[in-house]
Amino acid sequence: DRAIHVEPLACVLKAIRRGGHARQPKTLVVGLGYIGLMAAQMYALRGDNLYSVDTQRERLEQSRTFNIHRTAFFPEQLPEQHFDVVFLTVV
């Protein structure tokens, strides 16, 4: 059962690696579905100044499980600022 997460995680890690790494970057993850939650966790572990947005309350609440809830917002609540990295997961 755990092996099903390997390929999606590999894709997330490859995208993060290709995106570069600024010094203490401000990173925005747009969409907190399956891939977005993985990306947000990886950016948080990397030490980025993480922000994330989603339009669904359930996904924002689920971010508590992954300890990224302090930086998860509805789009209209997102503080206006510059981001060094944007990880877009919406379709």
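Residues numbered from 1 in each chain as written. Predicted model: local features only at pLDDT ≥ 70, side-chain atom pairs only at ≥ 80, totals over all residues. Heavy atoms only, no water.

1. Digging into helix α2 (residues 34-46)
Then step 1. For α2, with 13 residues, the first-to-last C-alpha span of 19 Å sits near the 18 Å given by 1.5 Å per residue.
Then step 2. Buried within α2 we find Gly36, Leu37, Met38, Ala39, Ala40 and Tyr43.
Then step 3. The inward-facing, buried residues of α2 abut α1 (6-18), β1 (26-30), β2 (49-53), α3 (57-62) and β4 (85-88).
Then step 4. Immediately downstream of α2, the backbone of Gly47 shows phi near 100°, a positive value. (Helix = DSSP H or I, 4+ residues; strand = E, 2+ residues; numbered from the N terminus. Expected span 1.5 Å × (residues − 1). Buried < 20%, exposed > 50% of the residue type's maximum accessible area, 1.4 Å probe, protein only. Contact = heavy atoms within 4.5 Å.)

2. A word on the sheet that holds strand β3 (residues 72-73)
Then step 1. Pairing in this open sheet of four strands is parallel, and the strands run β3-β2-β1-β4 from one edge to the other. Edge positions in the sheet fall to β3 and β4, since each of these pairs with one other strand and no more. (Pairing = 2+ DSSP bridges.)

3. Some thoughts on the environment of Leu32
Then step 1. Structurally, Leu32 is set in the loop between β1 and α2.
Then step 2. For the pair Leu32 and Gln81, spaced 49 residues apart in sequence, the C-alpha to C-alpha distance is 20 Å.
Then step 3. With residues up to four places along the chain from it excluded, the contact list for Leu32 reads Leu37, Ala40, Ser52, Val53, Asp54, Arg59, Leu60, Ser63, Ile68 and Ala72.

4. Some words on the packing of α1 against α2
Then step 1. Running from N to C, α1 and α2 cross one another at 50°; their axes reach a closest spacing of 10 Å. Considering their axes alone, α1 and α2 lie oblique with respect to each other. For the pair α1 and α2, the sense of crossing is right-handed. Counting all contacts with α1, which are made through Pro8, Leu9, Val12, Leu13 and Ile16, the residues of α2 involved are Tyr34, Ile35, Met38, Ala39, Met42, Tyr43 and Arg46.
Then step 2. When the residues that make up the contact of α1 with α2 are grouped by side-chain class, the tally is eleven nonpolar, no polar and one charged. (Axes fitted to C-alpha atoms, helices over the stretch in contact; angles between N-to-C directions. Parallel < 35°, antiparallel > 145°, perpendicular 65-115°, else oblique. Left-handed = near helix turned anticlockwise from the far one by under 90°. Nonpolar A, V, L, I, M, F, W, Y, C, P; charged D, E, K, R; others polar.)

5. Re the pairing of β2
Then step 1. Counting buried positions along β2 yields four of five residues, so the element is predominantly enclosed.
Then step 2. Regarding topology, α2 serves as the crossover connection from β1 to the parallel β2, and that connection is right-handed.
Then step 3. Inspection of the sheet shows β2 paired to β3 by two bridges, in the parallel sense. When the bridges of β3 are listed, Ser52 appears paired with Ala72. (Right-handed = clockwise from strand over helix to strand, strands pointing away.)

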